[in-house]
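Working through the structure, step by step
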2 protein chains.
Amino acid sequence: MYIDLDGQGPRYAQLIRALKAAILDSRLSAGSRVPASRSLANELGVSRNTVMAAYDQLQAEGFLLGRVGSGSYVADIGNRRTSAQQPTNEALVAPLSAFARRALAVSDGALIPGRQHSDLRYNLQYGLPLTNPALISAWRRELNRASERVELDYPDVQGLLALREQICDYLARRRGVNASPENVLVISGTQQAFALASRVLLDDGDTVVLEDPHYRGARQIFSAYGARVRGVRVDDEGLVPSALPNRARLAVVTPSHQFPTGALLPLARRVELLEWATARKSWLIEDDYDGEFRFGGRPLAALKSLDHDGRVVYIGSYSKTLFPALRLGYMVLPESLGEAFRAAKWLEDRGSNTLEQAALAHFMSSGGFERHLRRAAQSLSARRTAMLAGLRKHTGNAFEIVDSNAGMHLTAWLRSGSHADCERLAVHARERGLGLYTVAPYSFRTSARPGLLLGYAGLPPADIEAAVRLLGRCLLETNLSA
Amino acid sequence: MYIDLDGQGPRYAQLIRALKAAILDSRLSAGSRVPASRSLANELGVSRNTVMAAYDQLQAEGFLLGRVGSGSYVADIGNRRTSAQQPTNEALVAPLSAFARRALAVSDGALIPGRQHSDLRYNLQYGLPLTNPALISAWRRELNRASERVELDYPDVQGLLALREQICDYLARRRGVNASPENVLVISGTQQAFALASRVLLDDGDTVVLEDPHYRGARQIFSAYGARVRGVRVDDEGLVPSALPNRARLAVVTPSHQFPTGALLPLARRVELLEWATARKSWLIEDDYDGEFRFGGRPLAALKSLDHDGRVVYIGSYSKTLFPALRLGYMVLPESLGEAFRAAKWLEDRGSNTLEQAALAHFMSSGGFERHLRRAAQSLSARRTAMLAGLRKHTGNAFEIVDSNAGMHLTAWLRSGSHADCERLAVHARERGLGLYTVAPYSFRTSARPGLLLGYAGLPPADIEAAVRLLGRCLLETNLSA
């Protein structure tokens, strides 16, 4: 009998796998006697105990019959297929769901594990966390503190009450939103808010409105759910309400800092937007992804603060104010939606991680979170200043810079040139060790303006200056400097 | 002007809210002048600075025009609705999706935050964690260790590589499953596996087969997704393959320890099940929720170990081997499904929490996890023994006990009596401070046998003995003792 050990893991487990394969392939046929443990041990160069233990286990699992020592026989386990009859994998693959096919179509390169920027000297990618040693040590203290009271049972599906209370307090003071803990749902990041909203608010074929340009993650999930996704024009003052379609189940908006253009939606447009939604019984999702970071004056109140008719689902994220690995965010839901979203969260994952929630609740109640926000705003402001100064100095008149005095990124529109030019610039820059990203993937129409999305959170000011100097050289080298 | 502060949060924020409400309700009409800061401050008993700061903010947000000091005017923000015209909330509520309506229907009482057992002296609820001081301190050490290297950026959507490697090693040694890290997907608990499978494998109206009885969470999520859920008969040897329907997209099975009956599926039935799936291009989901805890002899290999045709999606959970609050589990996917499940996970939440994954990877690689498993198996075995002894002593012949020598629960079938009797017993027991749960909610058919699901993980042996003694008294008091 030919037994081939695969060399992975302990001998005992290898032998069990090999014998099972032989039985299932009918190389060891039903009723036949397996070799005596001593002879198989000799043949394979393993101890007799190993063979006996393997036989024992196979017997317990029903592959062998008889008693160890007095001889074991292969059990009859039904009409097994021989290797020769085995159909190809291809023929066996059942079709995936419509959701899965769309999910594969929209997520293409996005699934590469980790960011591929190890070969870059400078990376101006948006969404990189602000690395802050003070935050890291403060957060570690909070984790250690929270881990002293490890919770073992299932968490509250809606989120830790202490955290929801802190969120309400924070929203009232900083975002003008009056929420009660019952209307807050803690989730595993902003992306889950879009996913839950897809399930709770949309049926197949419903229309969803996104700003154009917009955050890509939202478009991907709504498309995967089979929604008809439509763009609405954005100008210097953000979303243009008169361009809204007549019917839609849902619109996703970024009124405090339009993503990615940085525009701030004026009050009159906010009111128009709310009236549009109320008249159509549509929902508004306010993605307040970085409304917190506004460098001149206080942050403006959220759209949710004007929501007297319960149209607005508010999403708050900790990926920008703290860091993405935390995987925590929250939603403030209109009264009429609370129960349905809780049910959807319950059915998905039974609630988000308790430890981080407890650490965050204490970080917020102790004042540590807002101290961090003040420090982070100062750091970001210095980085933004360095980037603006560098762009003026090194890129001449090539770009029109949108300076929204807020957030973690700038938009730089190429004054003369095409999307192809912009892409050529980005490719060249990456060859030179500079991570540069165009606005194009965030737009519906390639007719939209060509430009760059310049993230400044991930680099200290000196590196930003150097990165933008390199950008200037790349402009020259690609004949795009104006 | 009547301004009503709501008393929540700082005065400044209260005043802003009150003024906005007045403007939006047209109590302060467009073009009208707001009171001088000094006079409003006097009227409300707040400092003049508070009023000026509020005006300043309202101006920044576009509610007021003009200059602070020289008088501010209410801006015209479009055709606002007066309070009198405001439609009722009822009329405004848009319909929820079909998913949401089904989600609300299936989740009913399940959404009560936290378990309601504080008034119980003894709780025999299944799923309560095994409280183990050694585990808690070991886990705290792992968390502290992992927090020394806080990851800030988005996690690997598929799960930390170090953890996936540990999972593969573990599965090869303990569950007979030969998996490679590329086929492992780390998820936020078993429930998410069912949710992802619903999206990736099912279209509306597809048939899903569940064992009858079965784990309720699976039925709830598949029903919410609009699947046709069918039960298949279970006997003393688990699922009866001949009772499987001719067509189904998917079957969920618990071969190592049928939930909740405890039956162990024999090899011949496993092979039949695999052949059923292959012939129909159907998928099998193996929920190996507690296959690890087997008190006599080694745990049996998983169904997945026989899966040569790539039909089996294997789900592993840490909610039973560690504790539910961890919210971590994993799937081993057939080659053909890996990419689609990764895309679905990416679209849902961008990956599970990194810190716990890092802590778990080290807990596994250091041998701490398996030390814990050995200790936990000993504790569970002692608790099970105490429960069996107690049942023999205190409940006479009332129940037929299924002793599967494994897991964290027993099933006790009522020898004579109806489902109503069983429910009456449970209600009476809860009044007496004993948490007792019937099998009925896990079955499709009320014609199934009446019985109790007795969890023994949550109580030390002495308490189990006392709890079962109380159960015996409850049997007498409800005239159900045999």
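Residues numbered from 1 in each chain as written. Chains lettered and ligands numbered in written order. Predicted model: local features only at pLDDT ≥ 70, side-chain atom pairs only at ≥ 80, totals over all residues. Heavy atoms only, no water.

**Things to note about the sheet that holds strand β11 (residues 329-332) of chain B**
Residues and elements named next belong to chain B.
- Read across the open sheet, the eight strands follow the order β4-β11-β10-β9-β8-β5-β6-β7; overall the sheet is mixed. For this open sheet the edge positions go to β4 (184-187) and β7 (238-239), each flanked by a neighbour on one side alone.
- With four bridges connecting them, strand β8 (residues 250-253) and strand β9 (residues 283-287) associate as parallel partners. Bridge assignment links Val-252 to a residue of β9, and that residue is Ile-285.
- Each of β4, β10 (312-317) and β11 touches helix α7 (residues 161-174); the most contacted strand, β4, lies at about 115° to it.
- Of the strands in this sheet, β5 (207-212), β6 (228-235), β8 and β9 touch helix α9 (residues 216-224), which is tilted by about 160° from β5. (Pairing = 2+ DSSP bridges. Helix = DSSP H or I, 4+ residues; strand = E, 2+ residues; numbered from the N terminus. Contact = heavy atoms within 4.5 Å. Axes fitted to C-alpha atoms, helices over the stretch in contact; angles between N-to-C directions.)

**Section: unusual backbone geometry**
All names here are of chain B.
- Here the bond from Asp-212 into Pro-213 is cis, since omega is 10°, no more than 30 degrees from zero.
- If you trace the backbone, Pro-213 turns up in the loop between β5 and α9.
- In this structure, Asn-479 takes a positive phi of about 60° despite not being glycine.
- Structurally, Asn-479 can be placed in the segment after α15 (461-477).
- Look at Asn-479 and you get exposed, because its relative accessible area is 68%. (Buried < 20%, exposed > 50% of the residue type's maximum accessible area, 1.4 Å probe, protein only.)

**What about a positive patch on the surface?**
- Taken together, the side chains of Arg-141, Arg-371, Arg-374 and Arg-375 of chain A define a basic patch exposed on the protein surface.
- With three residues, helix α13 (residues 368-394) of chain A is the single largest residue contributor to the positive patch. (Patch = residues over 30% accessible without salt bridge, like charges linked within 9 Å, V, L, I, M, F, W, Y side chains within 5 Å. Areas by Shrake-Rupley, 256 points an atom, 1.4 Å probe, with all protein chains shown as cover. Salt bridge = Lys/Arg side-chain N within 4 Å of Asp/Glu carboxyl O. Lys, Arg positive; Asp, Glu negative; His and termini not counted. Charge placed at Lys NZ, Arg CZ, Asp CG, Glu CD.)

**A look at the packing of helix α8 (residues 190-201) of chain B against α9 of chain B**
Residues and elements named next belong to chain B.
- Packing of α8 against α9 leaves a shortest axis separation of 9 Å and a crossing angle of 30°. In terms of orientation, α8 and α9 fall into the roughly parallel class. Taken as a pair, α8 and α9 cross one another with a handedness that is right-handed. Residues Gln-191, Phe-194, Ala-195 and Ser-198 of α8 form the contact with α9, whose own contacting residues are Gly-217, Ala-218, Ile-221 and Phe-222. (Parallel < 35°, antiparallel > 145°, perpendicular 65-115°, else oblique. Left-handed = near helix turned anticlockwise from the far one by under 90°.)

**Considering the pairing of strand β12 (residues 399-402) of chain A**
Residues and elements named next belong to chain A.
- Of the strand pairs in this sheet, β12 and strand β13 (residues 409-414) are connected by four bridges, and their pairing is antiparallel. Within the sheet, the bridge partner assigned to Phe-399 lies in β13 and is Leu-414.
- Hairpin connection from β12 to β13: six residues lie between these consecutive antiparallel strands, with Asn-405 at a positive phi of about 60°.

**Here we look at the pattern of salt bridges**
Residue and element names in this part refer to chain A.
- Under the defined criterion, the tally for this structure stands at 34 salt bridges over all chains.
- With a shortest N-O distance of 3.2 Å, Glu-370 and Arg-174 are connected by a salt bridge. One end of the pair, Glu-370, is in helix α13; the other, Arg-174, is in helix α7 (residues 161-174), with 196 residues separating them in the sequence.
- A salt bridge links Arg-269 to Asp-235, with the nearest nitrogen and oxygen atoms 2.9 Å apart. Highlighted residues: Arg-269 in helix α10 (residues 267-280) and Asp-235 in strand β6 (residues 228-235), separated in sequence by 34 residues.
- Residue Arg-269 is classed as buried on the basis of its relative accessible area of 14%.
- What emerges from the salt-bridge pattern is a single network uniting Asp-169, Arg-173, Arg-174 and Glu-370.

**A short note on the packing of aromatic side chains**
- For the structure on display, the rule yields 28 aromatic pairs over all chains.
- Here the aromatic rings of Trp-139 of chain A and Phe-323 of chain A are separated by 6.1 Å at their centres, their planes lie at 80°, and the arrangement is edge-to-face. Of the two residues, Trp-139 of chain A is situated in helix α6 (residues 133-147) and Phe-323 of chain A in the loop between β10 (312-317) and β11 (329-332); the sequence distance between them amounts to 184 residues.
- The exposure class of Phe-323 of chain A is buried, given its relative accessible area of 3%.
- One aromatic cluster is present, formed by Trp-139, Tyr-170, Tyr-314, Tyr-318, Phe-323, Tyr-330, Phe-363 and Phe-369 of chain A through successive ring pairs.
- Positioned above the aromatic ring of Phe-444 of chain B, the side-chain terminus of Arg-219 of chain B is 5.0 Å from the ring centre. (Phe/Tyr/Trp six-rings, centres within 6.5 Å; stacked < 30°, edge-to-face > 60°. Lys NZ or Arg CZ within 6 Å of the ring centre and 35° of its normal.)

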